[in-house]
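Residue-level listing of the chains:
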Amino acid sequence: MTENTADININWFPGHMTKTKRQIEKILPIIDAVAEIVDARVPISSRNPDLPDMIKGKPLIILLNKCDMADPKETDKWIKYYKEQGVFAIPVDCKTGNGIGNFKNTVKTALADRLQQYKDKGMAGKPLRVMVVGIPNVGKSTFINKVAGSNRVKAENRPGVTRGNQWVTIDRQLELLDTPGVLWPKFEDPAVGLRLAFTGAIKDTVVDTELLAVRLAERLKADYPELLTNRYNLVNLDGDGYDTLCAIGKKRGMVIRGGETDTERASVMLLEEFRNCKIGRISLERVENNA
Ligand code: G4P
């Protein structure tokens, strides 16, 4: 399903894009691969549209993070899709660490040629350098902390490494570089903004909460009706998104004078429950509609 994006106006300042682009271009010669962290629930909207151009053919590994909150069926389809495209992709849950164990091996597979080159040149011990990128809130810091674990050593200001870049030594074979600067999504597309607002990647202060909740109700009604009826004990999902929001609020006793639903409270509750995965594991982008 595609959302109705009429009336959605997200004023989101994405950060210093040009600066980030330059910083990435500068660092490119000394990295071997790029790991892009995306949100498994919105794997397209949480990507940076300019990244493929920026990394100029460096091997790319996509980490579908927060897969604990995404629909496992859809995550499997995304992994298969990327594989068919020749892109390395793995599902991860950086909060618990599930799937993180596959990361190092995936890096080695993606960089098999580079490892062979090092070996041929008698540099077999040279560590692989991977730049980790991701839009804000996607879980980049959680990922780096999880991979590094107790081995985390901050190694800055070494020869060949620009001052101020955050290098993290994972072990003798692998070093990660936290992206310099802020990476941005395709924010000019209102559907992207809307989906990122659903997940909470874009803060509620820049969107109309009630309109957002109505759009989310529409989306869930269309794609996950059973999860919605089960969670809120609804008999049916008659009417539009607003009607559904009202029915949900009523079920939770959020009623104001005259017996009407307090839609403001209901909106906050619905969004919070979605973001905390209380409604169920939900993916808002599917291969067949979005790839
Ligand atoms: P960033 O560096 O990319 O900006 O993101 P960060 O690691 O700060 O993560 C943003 C939020 O996403 C954090 O939640 C983090 O715990 C959560 N998160 C990261 N990876 C996963 C995952 O795989 N699964 C789930 N369920 N959550 C994940 P927070 O609410 O901002 O903080 P906190 O509740 O962890 O303290």
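In this text the structure is predicted, and so the values were computed from the model without any measurement. (Residues numbered from 1 in each chain as written. Predicted model: local features only at pLDDT ≥ 70, side-chain atom pairs only at ≥ 80, totals over all residues. Heavy atoms only, no water.)

1. Comments concerning helix H7 (residues 190-199)
Now for step 1: Across the ten residues that make up H7, a large majority, nine, are buried.
Now for step 2: Turning to H7, its buried residues are Ala191, Val192, Gly193, Leu194, Arg195, Leu196, Ala197, Phe198 and Thr199.
Now for step 3: Its buried side turned inward, H7 meets strand S1 (33-39), helix H8 (209-223), helix H11 (263-275) and helix H12 (287-290).
Now for step 4: Looking at where H7 begins, the residue whose side-chain oxygen comes 2.9 Å from the main-chain nitrogen of alanine 191 is aspartate 189.
Now for step 5: Just past H7, the residue glycine 200 takes up positive phi, approximately 95°. (Buried < 20%, exposed > 50% of the residue type's maximum accessible area, 1.4 Å probe, protein only. Helix = DSSP H or I, 4+ residues; strand = E, 2+ residues; numbered from the N terminus. Contact = heavy atoms within 4.5 Å. Polar contact = N/O pair within 3.5 Å; in protein donor to acceptor, adjacent residues only side chain to side chain.)

2. Focus: the packing of H8 against H11
A pair of packed helices is characterised by two quantities: the angle between their axes and the separation of those axes.
Now for step 1: Two elements in contact, H8 and H11, have axes whose closest approach is 9 Å; the angle formed by their N-to-C orientations is 55°. Between H8 and H11, the angle falls in the class oblique. Relative to H11, H8 is oriented so that their crossing is left-handed. On H11, the residues touching Thr209, Glu210, Leu212, Ala213, Leu216 and Ala217 of H8 are Thr263, Glu264, Ser267, Val268, Leu270, Leu271, Phe274 and Arg275.
Now for step 2: Of the residues that constitute the contact of H8 with H11, the class distribution is eight nonpolar, three polar and three charged. (Axes fitted to C-alpha atoms, helices over the stretch in contact; angles between N-to-C directions. Parallel < 35°, antiparallel > 145°, perpendicular 65-115°, else oblique. Left-handed = near helix turned anticlockwise from the far one by under 90°. Nonpolar A, V, L, I, M, F, W, Y, C, P; charged D, E, K, R; others polar.)

3. Let's talk about the site of the ligand
Now for step 1: Around the ligand, a shell composed of 15 residues is seen, among which Asp68, Cys94, Lys140, Ser141 and Thr142 lie nearest.
Now for step 2: In the environment of the ligand, an oxygen atom lies 3.1 Å from a nitrogen or oxygen atom belonging to the side chain of aspartate 93.
Now for step 3: Backbone polar atom of cysteine 94 to an oxygen atom of the ligand: 2.7 Å apart, as the coordinates give it.
Now for step 4: Here the ligand loses 62% of its free accessible area of 710 Å² to cover by the protein chains.
Now for step 5: Split into classes, the residues belonging to the shell around the ligand amount to five nonpolar, five polar and five charged. (Near = heavy atom within 4 Å. Areas by Shrake-Rupley, 256 points an atom, 1.4 Å probe, with all protein chains shown as cover.)

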